[in-house]
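Coordinate analysis (summary)
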Amino acid sequence: KIWIGNIDSKLSEYQLLKLIESAVSSSGGQIDSFDFLYTMSGKGSRVPRGYAFVTVSTRQAATLVINKLNKMVINGRELQVRYANATSSNKQTSSSSSLTGGPLPSVLSAGRSDPNIDKQDKIRQLEAKLKSLEEGNSSIKNSSSSR
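Residues numbered from 1 in each chain as written. Predicted model: local features only at pLDDT ≥ 70, side-chain atom pairs only at ≥ 80, totals over all residues. Heavy atoms only, no water.

We now examine the confidence of the model for the protein chain. The predicted structure's coordinates, where accompanied by low pLDDT, should not be read in detail. In this model, the protein chain carries a mean pLDDT of 78, and residues with pLDDT of at least 70 account for 71%. Within the model, pLDDT remains below 50 along residues 88–101, and this stretch shows six contacts once partners closer than five positions in the same chain are excluded. (pLDDT = per-residue confidence, 0-100. Contact = heavy atoms within 4.5 Å.)

Right, let's get into the packing of aromatic side chains. In total, this model carries three aromatic pairs according to the counting rule given. When the centroid spacing of 6.0 Å and the interplanar angle of 90° are considered together, the rings of Tyr-51 and Phe-53 count as edge-to-face. The partly exposed category is assigned to Phe-53, whose relative accessible area is 22%. Taken together, Phe-34, Phe-36 and Tyr-38 form an aromatic cluster joined through their ring pairs. In this arrangement the basic side chain of Arg-46 is found over the ring face of Tyr-38, its NZ or CZ atom lying 3.9 Å from the centre. (Phe/Tyr/Trp six-rings, centres within 6.5 Å; stacked < 30°, edge-to-face > 60°. Buried < 20%, exposed > 50% of the residue type's maximum accessible area, 1.4 Å probe, protein only. Lys NZ or Arg CZ within 6 Å of the ring centre and 35° of its normal.)

Our next topic: the pairing of strand β1 (residues 2–5). Covered by surrounding structure in β1 are Ile-2 and Ile-4 together with Trp-3 and Gly-5, the residues of both alternating faces. Where β1 meets strand β3 (residues 46–56), four bridges bridge the pair, whose relative direction is antiparallel. In the sheet register, Gly-5 faces β3, and the bridge partner there is Tyr-51. Alignment of β1 against strand β6 (residues 80–83), held across four bridges, turns out to be antiparallel. (Helix = DSSP H or I, 4+ residues; strand = E, 2+ residues; numbered from the N terminus. Pairing = 2+ DSSP bridges.)

In any sheet, the strands associate via hydrogen bonds between backbone groups, in a parallel or an antiparallel arrangement. Strand order in this open sheet of four strands is β2-β3-β1-β6, and the pairing throughout is antiparallel. Across the chains shown, the open sheet's two edge strands, defined by having one partner strand only, are β2 (31–40) and β6. Sheet twist, expressed as the average angle between the axes of neighbouring strands with direction ignored, equals 20°. As judged from the eight bridges shared by β2 and β3, these two strands associate in the antiparallel manner. What sits directly across from Ser-33, in β3, is Thr-55. (Axes fitted to C-alpha atoms, helices over the stretch in contact; angles between N-to-C directions.)

Rendered as C-alpha cells:
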C-alpha cells in the first residue's frame, strides 16, 4: 500500500489515477485499490483532503510508483509518495507508546479496555460511581429544599 500526499486540490481523482496507472503499467503490475480521500463540507460538497492511498499488485510496482511520483511537482506542489504505515491495532498501540516514550496517558487511551480488569470489576466500579453521584445529587436537593 502506498500513501500519496501533498496533492493539490485542483488535481482530480481521475488525473491522479492516470498518473499512477502510467507508472504501474510500465512495471507490468496493476492497481488493486485506489482511495482518493475527501471531506464533506458544510454545503454537502466534497473537498479533497490532499492525500490518497493506492494498493498495487507487486512490491516491484509499488517501488516503481514511489520512485516515479515522489517529489514530482504538479500544479506547483511537490507530491510526497511513500509506503503507507501499517494500520493494525497492535502496531498503532506500540508506535503510539514508542512516540511518547511509554504507555499512553489515561486521557488518550479513553475507551480502550484494560485487559487486567474483568467485566464484573468494571460493573462494580460503574455501580459505585453511579451510587456516589446519586448520593451527591440527593444531598444537593435536600440542602436546596431546606432553604
